[in-house]
Amino acid sequence: MKEIEVRNIPELPYYVTEALNQLRISLGFAGENVKSIMITSSIPDEGKSFVTMQLWKMIAEVGNNVVLIDGDLRNSAMREDFGLKMEGELNGIVHALAGKCRFDDAMYSTNIQNAYLMPVEIHVGNPVNLLEGRLFRELLDVCRKEFDYVLVDSPPLGAVADALNIGPKTDGCLLVVRSAFTPRKQVENSINLLQRSGVPIIGTVLNRADTSKKGAYYYNKYYHYGDYKE
Ligand SMILES: Nc1ncnc2c1ncn2[C@@H]1O[C@H](COP(=O)(O)OP(=O)(O)O)[C@@H](O)[C@H]1O
Ligand SMILES: [Mg+2]
């Protein structure tokens, strides 16, 4: 298996690490049938990819095998944001879902032990066929068997239907809500969409909550565990 180096892993303040760690532990208590998880939100820039990557790293650090599947085929910023060293000919999720390479050829080990990655190697204007296709379901089934956890980063729910294509093929989702940013109506709409599509909401993440008058910038709090059930 080829390796991709993840060069940009930000050091987080203690309380952010602590909140994310609680999220990781809570996932462990969601039941042994909760292994594949989509991370989604209502609008862009709420922190989906940030939460996904941090959770991925933490799950790996405690010794679980975990794969991060980049499901943001239209607009992934992972390459720049995570400083992924992806050079030359590269297979990724787009080739795999189009049947142009084997799943194994689109999967990479990383410099984080136990953490594997299936990146978006090329953006796709309309990935609906790829996400609705047989191969995507197969990919998730295979990964679910091979890894302890499968995290699927996704586009926002508000703009396109991609997340509603991804979600039902996973065991459930984490809904990221960026504090003081996302309109309440949008969050309600997202919850409705997920429920109507039969995607269990395993938990919600209140991201970047400013809890101190001093203006803490980094904060990431997990709350409402299991409030929303089908
Ligand atoms: N808790 C946080 N603390 C600091 N920066 C954050 C936090 N969550 C997200 N960010 C930053 O905000 C920007 C948008 O986050 P991102 O994860 O890319 O959002 P999304 O995937 O929902 O569009 C990124 O630059 C990311 O690093
Ligand atoms: Mg993102």
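Please refer to the structure higher up on the page.
This write-up is about the structure you can find in this document.

**Describing the pairing of strand β9 (residues 201-207)**
With 6 of 7 residues buried, β9 is to be regarded as a mostly interior element. Relative to β9, strand β8 (residues 172-178) runs parallel, the two being bridged by 6 bridges. Paired with Leu 175 across the two strands is Thr 204, which belongs to β9. Tracing the backbone out of β8, into helix α8 (residues 184-196) and back to the parallel element β9 gives a crossover that is right-handed.

**Focus on the nonpolar core**
As a rule of thumb, nonpolar side chains are buried together in soluble globular proteins. Counting residues in each nonpolar core, the largest one holds 37 residues, and the members touching the most others are Ile 69, Ile 93, Leu 97 and Leu 139. Every element with two or more residues in this core is listed here: β3 (66-70), α4 (93-97), α5 (128-132), α6 (134-146), β7 (149-153), α7 (162-166), β8 and α8. Looking at which element gives the most residues to this core, the answer is α6, with 5 residues. Core analysis: the second largest hydrophobic core is formed by 34 residues, Ile 37, Leu 84, Ile 112 and Leu 151 among them.

Cut-offs used in this document
Residues numbered from 1 in each chain as written. Chains lettered and ligands numbered in written order. Predicted model: local features only at pLDDT ≥ 70, side-chain atom pairs only at ≥ 80, totals over all residues. Heavy atoms only, no water. Buried < 20%, exposed > 50% of the residue type's maximum accessible area, 1.4 Å probe, protein only. Helix = DSSP H or I, 4+ residues; strand = E, 2+ residues; numbered from the N terminus. Pairing = 2+ DSSP bridges. Right-handed = clockwise from strand over helix to strand, strands pointing away. Core = buried A, V, L, I, M, F, W, Y, C linked by side-chain atoms within 4.5 Å.

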